[in-house]
Amino acid sequence: MKLADVQRPPCAPRLTLWAGGGEVGSVEPRVLAALRQATPPASGGWPDLLQKLQQKGELEKAPEGDLNQSLASLAESLRTCGCCGPWRHERLPVFDAQGRAWAEVERGAVRVLGFRTQAVHLVGWRPDGCLWVQQRSWQKPNDPGLWDTLMGGTVSAGETLDLTLERETWEEAGLHLHTLPGLQHGGSFTATRPVPDGDHAGYLVEDTHWFTVTVPADQTPVNQDGEVDHFEAWTPAQVAEALAQRRFTPEAHWVLAQVLALPPPG
């Protein structure tokens, strides 16, 4: 697998979104056309923000407005006009061109607006040399039923990578990170690809950090949040066969391909 396989261009042209003089996201023109027909919320400086979006693709807040509230109103309007991803009641950070979190917005709006996100993946080795993998729930809006690493999750607003790694390890696998020996940072990459959010108007831009760990023989992953169908322990040969058959998500595929190129722990 080449890195280009996880860095795919959009399916349709997108308008660049700007803030602070730098690029922060993108949106399909048809989404802006739908927003023009939407009834704007009464608060949050949304009319000012919409005008700037339509004219220059700017996401700067109005002088008297609150940017988080304006983005919340924008997300609600996207939801109303059917141009939003699944509504999660979860805020994700919005990063500026320098990688600083400068605002927050509902997760369901992030992909439609092409905002950059951060994610973590955890690869879990067993002492016998097998790898724990999960099959994603068939109800997941993105990549349902595909296989994934032991854990993969998105960094929420106010979280660090370490906090997300700890939280998601429990939520997805029912494991406490501090009980898993040999935690190591393996690497990072940026994934870009079209996603189905907002009637296929979404575009994923995600900086992903992956880690490896050993899951002791007396511990078995058990999902806690309903987002995993089940876990299995596969030999490296079984993982390699599934990679060849494209049974993993693109991001998990890239991570596991790097892992299999390294010697197993111990």
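This text follows the structure it describes.
Please read all numbers here as calculations on a predicted model, not as lab measurements.

A. Region of the structure containing the packing of helix 7 (residues 236-244) against helix 8 (residues 250-260). Interhelical geometry of helix 7 versus helix 8 gives an angle of 140° and a closest axis separation of 11 Å. Between helix 7 and helix 8, the interaxial angle falls into the category oblique. Classified by chirality, the crossing of helix 8 by helix 7 is left-handed. On helix 8, the residues that touch Pro236, Val239, Ala240 and Leu243 of helix 7 are His253, Leu256, Ala257 and Leu260. Here the contact of helix 7 with helix 8 is composed, by residue class, of seven nonpolar, one polar and no charged.

B. Spotlight on the layout of surface pockets. Approximately 580 Å³ is the volume attributed to the largest pocket. What lines the largest pocket is a set of 34 residues, among which Arg107, Arg111, Arg136, Lys140 and Thr154 lie closest to the centre. Considering each element in turn, the lining of the largest pocket owes the most residues, four residues, to helix 5 (residues 161-173). Across the lining of the largest pocket, the residue classes break down as eight nonpolar, eight polar and 18 charged. Its boundaries defined by the atoms lining it, the second largest pocket holds a volume of some 230 Å³. Residue lining of the second largest pocket: 14 residues in total, with Trp125, Gln184, Thr212, Pro263 and Pro265 positioned closest to the centre. Of all elements in the fold, only strand 9 (184-195) and strand 10 (202-214) reach the threshold of two or more residues within the lining of the second largest pocket. Along the lines of polarity and charge, the residues of the lining of the second largest pocket split into eight nonpolar, six polar and no charged.

So, how was this worked out
- Residues numbered from 1 in each chain as written.
- Predicted model: local features only at pLDDT ≥ 70, side-chain atom pairs only at ≥ 80, totals over all residues.
- Heavy atoms only, no water.
- Axes fitted to C-alpha atoms, helices over the stretch in contact; angles between N-to-C directions.
- Helix = DSSP H or I, 4+ residues; strand = E, 2+ residues; numbered from the N terminus.
- Parallel < 35°, antiparallel > 145°, perpendicular 65-115°, else oblique.
- Left-handed = near helix turned anticlockwise from the far one by under 90°.
- Contact = heavy atoms within 4.5 Å.
- Nonpolar A, V, L, I, M, F, W, Y, C, P; charged D, E, K, R; others polar.
- 1 Å grid on protein atoms, 1.4 Å probe; cavity = no way out; pocket = protein on both sides within 12 Å on 5 of 7 lines; lining within 4 Å.
- Points joined across faces, edges and corners; volume = space filled by probe spheres on them.

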